Amino acid sequence: MPSRAPILVVVVVAVVLAIGLGGPGAQVGDEPGGSTATYPATVTFQDEADGTRLGTVQSRVADSPDERYQGLSNTDPLPADSGMLFVYSAEANRTFVMRQMNYPIDMVFIDANGTVTTIHHAETEAQDDPGDDLTPYPGQGKWVLEVPYEWTAEHGVQVGDEVTISYSGGE
């Protein structure tokens, strides 16, 4: 008997594209180049011990090398409960920096099983020259979520908590 999974995936993707990504979404504001970004990913955190929902973030997605390099550099501060989700094809050790950032953020590293592995509270850094050394923020993850500064502390998110990511694109 043939599997219905491929048909279901196609239907789900078509519905998401028809009503989710193409329609009006939460807006971040003007991006470089004049376009307006929507939030194609939803990231929800649950307490590892009892499954209590800790918070949800609507996120822009960086899933290409150029988008991941650019990240939130030279952008306006993140609105509450929003972020940028960096998507990779596999889990690995990764290091992020605060390149051309004028506001602090939290960086949340998430492994392939959806578990928070590392949280950094990253402050802004003086960057008089593009070649200045930047503080490295290392972690293990398939995904890295950047959210407003202290968002994780305000929502009680800790290493070991579980994460559900709803995202319909890229790697």
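Figured I'd write up the structure that's included with this text. Bear in mind that the values here come from a model prediction, so they are computed numbers and not experimental data.

## Structural notes on the overall build of the protein
Consideration 1: When helices and strands are counted, the protein shows three helices and seven strands.
Consideration 2: Taking as baseline every contact in the protein between residues at least 6 positions apart, the subset at least 24 positions apart corresponds to 65%.
Consideration 3: Split by element, the accessible area of the protein, about 9,300 Å² in all, is 53% carbon and sulfur.

## A closer look at the nonpolar core
Consideration 1: Phe45, Leu85, Val108, Val116, Leu145 and Val157 are the most contacted members of the largest nonpolar core, which totals 18 residues.
Consideration 2: Elements with a contribution of two residues or more to this core: β1 (41-46), β2 (53-62), β3 (82-96), β4 (105-110), β5 (116-122) and β6 (137-148).
Consideration 3: Those residues within four positions of phenylalanine 45 in sequence are excluded, and the remaining contacts are Thr52, Arg53, Leu54, Gly55, Val57, Val108, Val116, Leu145, Trp151, Val157, Glu162 and Val163.

## Some details on the layout of surface pockets
Consideration 1: The volume enclosed by the second largest pocket comes to roughly 240 Å³.
Consideration 2: In terms of lining, the second largest pocket is formed by 17 residues, of which the most central are Arg68, Tyr69, Phe96, Val97 and Arg99.
Consideration 3: Of all elements in the fold, only α2 (65-70) and β3 reach the threshold of two or more residues within the lining of the second largest pocket.
Consideration 4: Broken down by element, the lining of the second largest pocket gets its largest block of residues, five residues, from β3.
Consideration 5: Considered class by class, the residues forming the lining of the second largest pocket number nine nonpolar, four polar and four charged.

## Overview of the environment of valine 61
Consideration 1: In this fold, valine 61 is placed in strand β2.
Consideration 2: Judged by relative accessible area, valine 61 falls into the buried class, the value being 15%.
Consideration 3: For the pair valine 61 and leucine 145, spaced 84 residues apart in the sequence, the C-alpha separation amounts to 9.3 Å.
Consideration 4: Setting aside anything within four residues of it in sequence, one finds valine 61 in contact with Pro40, Ala41, Glu67, Leu85, Val87 and Tyr167.

## Focus on the sheet that holds strand β7 (residues 162-167)
Consideration 1: Across the sheet, which stays open at both edges, the seven strands sit in the order β5-β4-β6-β3-β2-β1-β7 with mixed pairing between neighbours. The open sheet has two edge strands with one neighbour each: β5 and β7. The sheet shows a mean angle of 30° between the axes of neighbouring strands, taken without regard to direction.
Consideration 2: As paired elements, β2 and β3 share five bridges and run parallel to each other. Looking at β3, one finds that glutamine 58 is bridged to serine 82.

## Digging into the packing of aromatic side chains
Consideration 1: Overall, the coordinates contain three aromatic pairs when judged by the stated rule.
Consideration 2: Centroid distance phenylalanine 45 to tryptophan 151: 5.4 Å. Interplanar angle 50°. Geometry classified as tilted. Of this pair, phenylalanine 45 sits in strand β1 while tryptophan 151 sits in helix α3 (residues 151-155), and the two are 106 residues apart along the sequence. Judged on exposure class, the residue phenylalanine 45 and its partner tryptophan 151 are both buried.
Consideration 3: Look at phenylalanine 86 and phenylalanine 96: their rings are 4.9 Å apart centre to centre, the planes differ by 90°, and that puts the pair in the edge-to-face class.

## What about the pairing of β2?
Consideration 1: Of all ten residues that make up β2, eight are buried, and the element is covered over most of its length.
Consideration 2: Bridge count for β1 against β2 is six bridges, and the pairing is antiparallel. In the strand pairing of β2, threonine 42 is matched with glutamine 58.
Consideration 3: The antiparallel hairpin formed by β1 and β2 contains six residues in its connecting segment, where glycine 51 sits at a positive phi of about 80°.

Cut-offs applied
- Residues numbered from 1 in each chain as written.
- Predicted model: local features only at pLDDT ≥ 70, side-chain atom pairs only at ≥ 80, totals over all residues.
- Heavy atoms only, no water.
- Helix = DSSP H or I, 4+ residues; strand = E, 2+ residues; numbered from the N terminus.
- Contact = heavy atoms within 4.5 Å.
- Areas by Shrake-Rupley, 256 points an atom, 1.4 Å probe, with all protein chains shown as cover.
- Core = buried A, V, L, I, M, F, W, Y, C linked by side-chain atoms within 4.5 Å.
- Buried < 20%, exposed > 50% of the residue type's maximum accessible area, 1.4 Å probe, protein only.
- 1 Å grid on protein atoms, 1.4 Å probe; cavity = no way out; pocket = protein on both sides within 12 Å on 5 of 7 lines; lining within 4 Å.
- Points joined across faces, edges and corners; volume = space filled by probe spheres on them.
- Nonpolar A, V, L, I, M, F, W, Y, C, P; charged D, E, K, R; others polar.
- Pairing = 2+ DSSP bridges.
- Axes fitted to C-alpha atoms, helices over the stretch in contact; angles between N-to-C directions.
- Phe/Tyr/Trp six-rings, centres within 6.5 Å; stacked < 30°, edge-to-face > 60°.

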